[in-house]
Amino acid sequence: GGVYAARNGLRGLQKSACPATTEGGGTEGGGRTGRPMQRLWICALALLLVGSTSCGGGAREQTVQRTFLFGPIAGFTGFMTQVATGGPTYVPVTNVPIRVGDDANNDQVKGYASFDISTLPEGAQITNAVIRMNQEAVEGVPYGVLGPGIAVDHVDLGFALELSDWDGNALGLNIGTLSSSPALGPVQVEVAQEIAIAVTLNRTTVSFRFAFPTTTNVDDTSDQAVFTKAGELLQPFLEVEATVPNR
């Protein structure tokens, strides 16, 4: 009985002392690192006495927590303008910043961002997801005259950013606020529920629309929040944390 108790105690020591298995890598968002080096000798001693052949904390875990980073799809990331003479038209979305607000012609401007999530492993359980963007400029006073913040819609852009994406094709309206301040720098909005829905429906891309609640303040002045475009260092990206099978 004493031998078994001792072995059980050592197994507990092994589990608490041994470094966690490193996961991640490739283009995904970094792996998890091991425990401090000064504890490795405890792990080694426990392994010798218990007789395990792994220094990864005993039996292999069924699932692991991993972080994935997804950059924007350039052809589906940019902005669309509601022209005064009729229905909405869109500016070519490659190599353009994301703009939200109104322009000097008093036309409303909405921003869009899309991400390819096809590399998420099968069976992934989403625990957290955040869109991160960089507010690189503010023209006029959009946060004062067009509303308190930029509302976010979860949308289905289909095969192209087109007229129907101006107000339609919504999967979820006003799911969060991207930014409520003219301060330049990083902004973010949580989208865990939307990514979980996309995974459940086997969608390989997710898209979002950004707009102020007020169309225009009709002052013949551009009032816009401007966010870094796709392809640049501070481009938008989607950060997803998920529990995935440990394969």
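Trainee: How do you make sense of unusual backbone geometry when you look at a structure like this?
Mentor: Excluding glycine, most residues fall at negative phi; most peptide bonds, likewise, are trans. One non-glycine residue, Asn-106, lies in the positive phi region at around 65 degrees. Residue placement: Asn-106 occurs in the loop between β4 (98-102) and β5 (108-116). Here Asn-106 falls in the buried class, since its relative accessible area comes to 17%. In this structure, Asn-169 is a non-glycine residue whose phi angle is positive, near 60 degrees. In this fold, Asn-169 is placed in the loop between β7 (151-155) and β8 (170-177). Asn-169 sits in the partly exposed class, given a relative accessible area of 36%.

Trainee: Explain the side chain of Ser-222 to me, please; I cannot follow it from the model alone.
Mentor: For Ser-222, the location among the structural elements is in the loop between β10 (205-211) and β11 (223-227). At 2.8 Å, the side chain of Ser-222 forms a polar contact with the side chain of Glu-139. Of the polar contacts made by the side chain of Ser-222, one reaches the side chain of Gln-224; its length is 3.4 Å. Setting aside residues up to four positions removed in sequence, Ser-222 forms contacts with Asp-102, Asp-103, Ala-104, Glu-139 and Gly-140.

Trainee: It is not clear to me how the pairing of strand β6 (residues 125-139) should be interpreted in this structure. Could you clarify?
Mentor: Side chains on a regular strand alternate between the two faces of the sheet. Pairing of β6 with strand β12 (residues 237-245), which is carried by seven bridges, proceeds in the antiparallel orientation. When the sheet's bridge partners are listed, Ile-126 is paired in β12 with Ala-242. Judged from the six bridges that link them, β6 and strand β9 (residues 185-190) form a sheet pairing that is antiparallel. The residue bridging Met-133 from the neighbouring strand is Val-187, located in β9. Pairing geometry for β6 and β11, over four bridges, is antiparallel. Looking at β11, one finds that Ala-137 is bridged to Val-226.

Procedures and definitions
Residues numbered from 1 in each chain as written. Predicted model: local features only at pLDDT ≥ 70, side-chain atom pairs only at ≥ 80, totals over all residues. Heavy atoms only, no water. Helix = DSSP H or I, 4+ residues; strand = E, 2+ residues; numbered from the N terminus. Buried < 20%, exposed > 50% of the residue type's maximum accessible area, 1.4 Å probe, protein only. Polar contact = N/O pair within 3.5 Å; in protein donor to acceptor, adjacent residues only side chain to side chain. Contact = heavy atoms within 4.5 Å. Pairing = 2+ DSSP bridges.

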